[in-house]
Structures are given as structure tokens and as C-alpha cells.
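Residue-level listing of the chains:
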Amino acid sequence: MDDPDLDRDPGLDLIPAPVSVREVPPSGRYVLDEETRVEARPGAEGVARWLRATVGAATGLPLAPGDDDDNRIVLAVDPALGRRLGPEGYRVVVDGHAVRVDGGSSAGVFWGAQTLRQLLGPAAFRRAPIGARTGWELPMVAIEDAPRFVWRGVLLDVARHFLPKDGVLRYLDLLAAHKLNVLHLHLTDDQGWRMEIHRYPELTRTGAWRARTKLGHRASPLWDERPHGGYYTQDDLREIVAYAAERHITVVPEIDLPGHSQAAIAAYPELGNTDVVDTAALTVWDTWGVSPNVLAPTDHTLAFYENVLAEVLDVFPSPFVHIGGDECPKDQWKASPAARARMAAEGLADEDELQSWFIRHFDRWLAERGRRMVGWDEILEGGLAEGATVSSWRGYAGGIAAARAGHDVVMCPEQQVYLDHRQAPGADEPVPIGYVRTLEDVYRFDPVPAELTGTEAARILGAQANLWTEVMEDQRRLDYQAFPRLAAFAETVWSPLPAPAARDHPAFERRMAAHYARLDALGVDYRPPGGPHPWQRRPGVLGRPIEGAPPIV
Ligand code: ACM
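Notes on the structure in this doc start here. Every value quoted in this text rests on a predicted model; they were computed, and no experiment measured them.

It is worth spelling out the overall build of the chain at this point. When you go through the chain residue by residue, the secondary structure sums to 18 helices and 22 strands. Taken against the 2.2 N^0.38 rule, which gives 24 Å for 553 residues, the C-alpha radius of gyration of the chain at 24 Å falls within 12% of a compact globule. By principal-axis analysis of the C-alpha atoms, the chain measures approximately 80 × 50 × 45 Å. Contacts spanning at least 24 positions in sequence make up 74% of the contacts within the chain whose residues lie at least 6 apart. Surface summary for the chain: the accessible area is close to 20200 Å², and the carbon and sulfur share equals 52%. Between the centroid of the 58 positive side chains of the chain and the centroid of its 80 negative side chains there is a distance of 2 Å.

Here it is, written out as C-alpha cells:
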């Protein structure tokens, strides 16, 4: 396939850029109208439903099922195309006779239908038509396209700030519009437990609520003195999974252990290191950072989390299950006679090996159930579990080491793709943490470090943009941090872009002009290109990094 050549993109401004675009004779436009029929061949019925529900609603056209010879959209799975372009590859052809969307699988047909929606213009992203409009025009084009990576992910941290179900469903639509296909749901942390577990009701009765919340950076002196919380029932999560599946998105659940577990310990104090802390006095954490309260390495803890994960597996069909493994302070284990006895009994040399003992246990446990374990790159430290896939967040190094050791990797280096970090320098940005990462910085992100050999690079499944929510308390703030940078990220994982330094960022910015109009129609509260509106600024201490304080990551 050709490289994407946006000079040949006849003003379509597609994001992410497709692999190839050709204009098709006759020049002119194909008009969709009241009579246009949608013919869904076997395997494409779900895409037809999606098209009717979204483009049908936006245009007011019935897009009724049928195979009218002269005026139809044909949606079809084409195995030969799949062999050439892969299962997510697609071809969209608009000529004088019909619109055809062929995919290597139903996922490919779906990504082709997403491209079709972009071709119809920004108004196709609304939920109802405005004004009197009867014809919806498509340019005569032939597009062939396929993703660069199989893992094109976004992490939503629903633990630090709870995002109600409706907001998660909305994000799935936004991911789909950008051809992103993994939603990593960070369901548990020190500050909240968000998944109903039937066997352990205190996890949500107690663990889903905190009494108050630190405002801004963890060094800030300010608090929001209101309770915060919420959780998803298992039916909510099944609905999220089903909604995602209709959009060819996999939801990867994360239950973070053995660190980031204070909410669980507050609910069930016996999970903590009771010989060194009075865990019965712990509450769900109300500030940011990394809590010292970590799980005790006991048989009881292992059994408890097996029972939790059994319910997780029942709800989430994802082949991958994330068990966290990040930022586990070792102080309590060092002080705990019970933890030291465990280390001696298991022949473990140090606390890093004790952490790996935890992780290896769940790697085996998940593998026995046909699932694959993913963990943050700290899981490398005491020896990598056999089946582990690594989310490389502290930079590229963990991912490089894991790929060289023959493990699969998802690249999500905080220096590049942590979208909670502010997106411009200066005092106007509302988020007082982290690195400055502009839209252009994200556009120049590449998941594959140059030093990897071909075989090692093949271990990079893809990449993930992470939306940690310490300072993103609601959907508007989330939108502001995620967009427009998520559009740039989508292109880095879908399109075969040149090496970062050679990327044509001005051309991307020009296409973004059209994309902002799509985001407007979708109702996304992105950061405006000119900088934040005054209401988005944070006054005083909330709007500034605290002197001398390290970034929250
Ligand atoms: C992380 O940011 N602690 C994975």
C-alpha cells in the first residue's frame, strides 16, 4: 500500500489519515437521499444498524434495508481484502452507481463506515438534522485503509473521579469516531473502587465513596469538602462491554494490585498489613499520589482477589485483563513480620520479588482461564511473569526490555501520551501538573522506539493514551484534556506516518480545521486552538504548579 499522501487527499481532511485515497471518475458527487437503501451482506448487519442509528439520526434519512440497484450503500465482508489488508482493513468506493464499504472482517466494515461518516461532512456527526436538507453528498473516491497497530487504546481512570455510565458510553462513541479499539478501564485505586462485586459488597458500599477530595495538585492546601464516588453495577458494565463490542472496541478491565489498593483495604481491613498498620482505621483515600497502604501477601488476599477476578472475567470477555502492578511502595512489607515470613517461605530475595510473586500468581491464574495478563512496567522489577504483556508508562525503557525478552508491549510513555498533562506552557492551562505536551508533541509520538530490531518491534501491539483523572473531575474537564490531542494520537496508531521528525504537522493542523467542526457537532469540549476560555482557567493556587512539588503522574 502507498504511504498516506495528504496532498492527494482531495480536500477530504480525514482523521486518522487513510493509507490511500484516489478520486474516481466520473467527477462529481454521489447524493444520499430518502430513497437510498442500505444492503448489509452477512457479517455487516451490525454496521448497518450503527449507520442507521448515527448517520440516519444525523441526516434524517431512513437508510432503510434494501438493494435498490441505483441508489444504495453496500456493506460487505470481503475475505480476500482481509487477506491483503488484515481483518481491520477496509475499502470505501463511491462511484456513479453505488457506495461500497468492504472490510476484511465486520470490524473493517465498521472502520470503513466511520470513514463514510467523515466523508458526509461535520453535520453527519449531529444527533438530529438541522435546517431543511434533502441531499447528502459524498465525493467520488476510492479509499483503501488499514491500521498500523492492533492495540489503539485509551485509558479512562474512573477511580480517581467517577464517570457515570452515560459518560463512558459517550467516550466509546468518541473512540470509535477516531478508529480507536481498546478502552482500558482503570476500575480501582486508592481513591475508589468502581465495580460491583457480588461476593464482597463492602468494596462498593464503603470503597466507592470518599469523604472529600483534594483540589488540584496533591501539595495544594485546598479541599472539596463533599463526598465523591459512585460505581458501576455488573449490568452497567455488561452494557458498556456490549456497546463497545458493537463498535469493535475491546474493554480491558483493570483491578490494580498489590499497590493502589487503599479503597479495597478500607472496605476489608484484613487485606492490609495488619501487623504494621491499624487498617481498620483506614478510609478511602482523599488525596493524590501513591498510598503506602498496600495488600498483605497472604493466602487470604490471593483468594479474595481470585474471587474478585472471577466476577471480572464473568463480565469482561476481553482476552486481556490488567492487574496493575504499578507504584507499590515496599515500606509496609519491609516492616511486616508476616510479609518477611512469607518471603522466607517462598525463597524470595527482596520485596521486588515479593511483588513479582503476587503478579506471577495472577498471571498463572488468568492463563489457566484462557486470559492474558497485562501489567504496568514495574512488573519487570522482580522478574517478569511468563505470560505478561507490559504497559510501558515510565517511558519506553520498560517496553524495550519487555519486547527484547519476547513479551508483548503496549506503549503509553507518560512523557508523550499522558493526556492529563497540560497542553501548553504558561499560567492559563487549568491542569497544574506534569509535562507540557502540545498537540504537535502528541502528533510526533511513535509507539516503536528506533533501537528495536524488526522482531522486537513486532512485539509492540500498539499504544495507549492515558486519561488519569486526579484533576479531571467531570466530563468537560476530561474532554478538554483529551481533545484535540486524542485525534493526533489516533493518527499515530492508525496511519503509516513517517518517522516523527519527518511528520507534516502543518498539514495535520490544516486537516484538524475540518475535524474541529466534527468535534463541535459531536459536542466535544476540546481545548480551543487559541487557548482556554477564561472559565476553564483555574484561579490562584489551583491554576499553578505548586512551588517545588513534583509532577503528579
Ligand atoms: C501509572 O501511571 N501509575 C501507571
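Here we have six strands laid out as an open sheet, ordered E1-E8-E5-E6-E4-E3, and mixed in their pairing. Pairing within the sheet leaves two strands with one partner each, and these edge strands are strand E1 (20–23) and strand E3 (37–40). Between one strand axis and the next, the sheet turns through 10 degrees on average, direction left out of account. Strands E3 and strand E4 (72–77) of the sheet are contacted by helix H1 (residues 45–59), whose axis makes an angle of about 155 degrees with E3. Against the sheet, helix H3 (residues 106–119) contacts E4, strand E5 (90–94), strand E6 (99–103) and strand E8 (141–145), and its axis sits at roughly 145 degrees relative to E6.

Between its terminal C-alpha atoms helix H18 (residues 505–522) stretches 24 Å, which fits the 26 Å expected from 18 residues at 1.5 Å a residue. Helix geometry: H18 is bent most strongly at alanine 513, by close to 35 degrees. Considered for burial, the residues of H18 that qualify are His505, Ala507, Phe508, Arg511, Met512, His515, Tyr516, Arg518, Leu519, Ala521 and Leu522. If you follow the buried residues of H18, they end up packed against H3, helix H4 (165–177), helix H14 (439–443) and helix H17 (485–494).

Our next topic: the sheet that holds strand E20 (residues 389–392). Read around the closed barrel, the eight strands follow the order E9-E10-E17-E18-E19-E20-E21-E22; overall the barrel is parallel. When strand polarity is set aside, the average angle formed by the axes of neighbouring strands in this sheet is 30 degrees. For E20 and strand E21 (residues 409–411), the ladder comprises three bridges, and the chain directions are parallel. Each bridged residue has a counterpart across the sheet, and for valine 390 the counterpart in E21 is valine 409.

Here we come to the packing of aromatic side chains. Aromatic ring pairs: the centre-centre distance and the angle between the two ring planes describe each pair. The tally for this structure, following the rule as stated, stands at 21 aromatic pairs. Ring geometry for tryptophan 376 and tryptophan 468: centres 5.7 Å apart, planes at 50 degrees, overall tilted. Highlighted residues: tryptophan 376 in strand E19 (residues 372–376) and tryptophan 468 in the loop between strand E22 (460–467) and helix H16 (475–482), separated in sequence by 92 residues. The pair tryptophan 376 / tryptophan 468 is uniform in exposure class, with both members buried. Consider the rings of phenylalanine 445 and phenylalanine 489, whose centres lie 6.2 Å apart with planes at 20 degrees: the pair is stacked.

About the thresholds
- Numbering of residues starts from 1 in each chain and follows the order in which that chain's sequence is written.
- Only residues with pLDDT of 70 or above have their local features reported here, since the model is predicted, and side-chain atom pairs are shown and tallied only from 80 upward, although totals for entire chains, interfaces and linings are computed over all residues.
- Side-chain metrics in this entry use all non-hydrogen atoms of the structure; hydrogen atoms and water are not considered.
- We count a stretch as a helix when DSSP gives it H or I for four or more residues in a row; a strand needs E for two or more, and each element gets its number in order from the N terminus.
- Each radius of gyration reported is based on C-alpha atoms, and the globular scaling rule is 2.2 Å times the count of residues to the power 0.38.
- The contact definition used throughout considers only heavy atoms, calling two residues in contact when any of these lie within 4.5 Å.
- Note on areas: Shrake-Rupley with a 1.4 Å probe; residue coverage comes only from the protein chains shown.
- His residues and chain termini do not enter the charge count, which takes Lys and Arg as positive and Asp and Glu as negative.
- A charged residue contributes its charge at one atom only: NZ of Lys, CZ of Arg, CG of Asp or CD of Glu.
- A strand pair is defined by DSSP finding two or more bridges across the two strands.
- Convention adopted: a line fitted to C-alpha atoms gives each axis, helices being fitted over their contacting stretch, and angles between N-to-C directions are expressed from 0 to 180 degrees.
- Take the number of residues in a helix, subtract one, and multiply by 1.5 Å to get its expected span.
- The reported bend at a residue is simply the angle between two axes, fitted to the 7 residues ending at it and to the 7 residues beginning with it.
- Buried means the residue's accessible area, taken with a 1.4 Å probe over protein chains only, is under 20% of the maximum for its type, while exposed means over 50%, and partly exposed covers the values in between.
- Ring pairs are drawn from Phe, Tyr and Trp, using the six-membered ring of Trp, whenever the two centres fall within 6.5 Å, and their geometry is named by plane angle: stacked under 30 degrees, edge-to-face over 60, tilted for the rest.

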